[in-house]
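# Tertiary structure, described
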Amino acid sequence: MQNKKRFALLGILVVGVLGYLFIHYFIMPVMSLNFFGTLFLLLASTGIIAAILIYYKIKFAWVIPVLVAILVVFKTVSSFAFFNHIKYRNMIGEVKEKDFSVEISPIDLSKLPVVDAELAANLGEKKLGEQVALGSQVTLDEFTLINVKDTLYWVSPLVHTGFFKWSANREGTPGYIQINASNPRDIKLVQEIDGQNLNIKYQRQAYFGDDLKRKVYQSGYKSVGLTDYSFELDDSGKPYWVITKYDKTIGISGNKAIGVIIVDAQTGEISDYDLDNVPQWVDRVIPVDFALKQLNDWGKYVNGWWNPSNKGVLRSTEGYNFIYNNGRAYIYTGLTSSGADESTVGFTLIDTRTKEATFYKVSGSQETAAMQSAEGKVQHLAYEATFPILINVDNHPTYFMTLKDKKGLIKLYAMVNVNDYSIVGTGESVSKTKSDYIKYLKNRGDWQGLGDSGAEKSMEGTIQRIGSSMIEDTTFYYIILNEQPDKIFIASLNISNELPLTKEGDRVKLEYFNNSNSSIDLIKFDNMTFMQTVIGEEEEIIKSNEVLEQVLEEKLESKHNNK
């Protein structure tokens, strides 16, 4: 009988050790008492051990699990907002209020991101499908929006499609997809850098020692929280995984980023950085869910924990986006009052590297209302708007979005005024959309307050340099005049058929809205070298068509507003 008990005890110990190894190898819990998963495992383990000891009539065996249970209850209760609402509200840090027109720079239309995550995934799959040898071997991971040398790209590594594909390609997958966020035609399958083939060996779709999470976990990071595994490129195009380290600061809650781990996707080499010395090329340090949770706590506990009337309470709007301003990446979201209306009291930008939060007090429409307004402008076409990004159009806070058909293809672009979402501009190109948008702003009398920065201006000059590029199926021309060499004037082919015939030395007349940017979008272009004229009858037809177009647009807008 005694031997049976010994064998039973030995069997329990063996099962326990194997269970411990299984949990650490496959589940990989954070080994810290600040994390609930570890507390739960500790409680379960001590409970099982105590049950065995009690079975063998060991006195006071119940004490250990009881003490652990007390610890779990204490950690849980100490996380309640009832006791810590001030700490929760202060986690975001100081939320500075700044002026929109001063802080947010007007964006160069040629660099405006028009590709969203959904379209990037579709374009990436199409590009991968063109590679017959690769399409059956690999697939794509989630796309990450990053800034590489002042150009925005969506990037995704090629990843394994399953265990057998991984076992047959242990050296890794051959490269990544890179899509220019401003030009959906600029798609690259990058398979080598500096003549060296790329092999993405460490990834989330690999197994055993090649699994990215396991690689980091077993490299000395068992006791720290790891999250937000982002695929990024350095300035040379070399692929890395950027992983945020975090800890719990309020009981078992209050997630706080404390640094990043950067893993070479090819070699598995790991570099550890505190928040103060993260490399400049890294864009994603603060996870979105951390930032939005802390922002909402800041707005929720403005008047303490007990606030049944929700006095002064603010919350983020539904949805967020990433925007770039002066080379820095920000998480953008609107702020609205606790009531379920369609208006905002302003919006916030949270720096993805430092978590510095800025509040811009601009009352207006929520993103969803702006999306519906843009869709209503072309309701007969049944296009769907993407979640907008916020841009500065000559000191006017403006939502920019694409309008896509049922297949997810971009058909039109839209700009919607934040202050008044009935002001909508649409067009087949970004430049034409801006011109249409500004036309409605001026017609509504909303161009006031901009001083000389919004004034319409014309000038004559001689062309010093002219070049062109294709963006979104539209040809754009870039012009430098002898009289103003510090400015680049940008015009799409839609503005004038004379642009392709224009060359250096030609005398031209330009019209535009004046601003301090180095790049300025033209609204009219005339090559004075050419002498084409419009006959009187044709001029009358053009004028009548313009009047008819304006009447139809006003009727559609009036119908939409009355709904």
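The text that follows walks through the structure, step by step, so that each part is easy to find.

What counts and how
Residues numbered from 1 in each chain as written. Predicted model: local features only at pLDDT ≥ 70, side-chain atom pairs only at ≥ 80, totals over all residues. Heavy atoms only, no water. Pairing = 2+ DSSP bridges. Helix = DSSP H or I, 4+ residues; strand = E, 2+ residues; numbered from the N terminus. Axes fitted to C-alpha atoms, helices over the stretch in contact; angles between N-to-C directions. Buried < 20%, exposed > 50% of the residue type's maximum accessible area, 1.4 Å probe, protein only. Lys, Arg positive; Asp, Glu negative; His and termini not counted. Salt bridge = Lys/Arg side-chain N within 4 Å of Asp/Glu carboxyl O. Polar contact = N/O pair within 3.5 Å; in protein donor to acceptor, adjacent residues only side chain to side chain. Contact = heavy atoms within 4.5 Å. Parallel < 35°, antiparallel > 145°, perpendicular 65-115°, else oblique. Left-handed = near helix turned anticlockwise from the far one by under 90°. Nonpolar A, V, L, I, M, F, W, Y, C, P; charged D, E, K, R; others polar.

### Re the sheet that holds strand E9 (residues 225-233)
If you trace the four strands from one edge of the open sheet to the other, you get E9-E10-E11-E12, paired in antiparallel fashion. Of all strands in the sheet, those with a lone pairing partner are E9 and strand E12 (270-274), marking the two edges. Pairs of neighbouring strands in the sheet enclose a mean axial angle of 30°, with direction left out of account. In this sheet, strand E11 (residues 253-264) lies alongside strand E10 (residues 239-250) in antiparallel orientation, the contact comprising ten bridges.

### Looking at the side chain of Asp283
The topology assignment puts Asp283 in the loop between E12 and helix H10 (288-300). Buried charge Asp283 goes without a salt bridge, the closest partner of opposite sign being Arg353 at 6.1 Å. In terms of polar contacts, Asp283 uses its side chain to reach the backbone amide nitrogen of Asn147, at 2.7 Å. Ignoring any residue separated from it by four or fewer positions in sequence, one finds Asp283 in contact with Ile146, Asn147, Glu232, Tyr324, Ala329, Thr352 and Arg353.

### Describing helix H11 (residues 367-377)
By the criterion of burial, H11 is predominantly enclosed, with eight of the eleven residues buried. Burial in H11 covers these residues: Glu367, Ala369, Ala370, Met371, Ser373, Ala374, Gly376 and Lys377.

### Points about the packing of helix H2 (residues 36-55) against helix H3 (residues 63-77)
Packed helix pairs are specified by the crossing angle of their axes together with the interaxial distance, meaning the distance between the axes. Orientation of H2 relative to H3, taken along the N-to-C sense of each, is 160°, at an axis distance of 8 Å. One way to sum up the angle between H2 and H3 is to call them roughly antiparallel. Here the hand of the crossing between H2 and H3 comes out left-handed. When H2 is examined against H3, the residues Phe36, Leu39, Leu42, Leu43, Thr46, Gly47 and Ala50 are found in contact with a partner set consisting of Ile64, Pro65, Val68, Ala69, Leu71, Val72 and Lys75. Class assignment of the residues belonging to the contact of H2 with H3 gives a composition of eleven nonpolar, two polar and one charged.

### Notes on the pairing of strand E17 (residues 346-351)
E17 sits mainly inside the fold: six of its six residues count as buried. Alternating residues of E17 divide into Gly346, Thr348 and Ile350 and Phe347, Leu349 and Asp351, and every residue in both groups is buried. By the bridge criterion, six bridges tie strand E15 (residues 328-337) to E17 in an arrangement that is antiparallel. Each residue of the ladder has a partner; that of Thr333, found in E17, is Thr348. Where E17 lies against strand E18 (residues 357-360), four bridges are found, and the strand directions are antiparallel. Along E18, the bridge assignment pairs Ile350 with Ala357. The loop that links E17 with its antiparallel partner E18 comprises five residues; one of these, Lys355, has a positive phi angle of about 70°.

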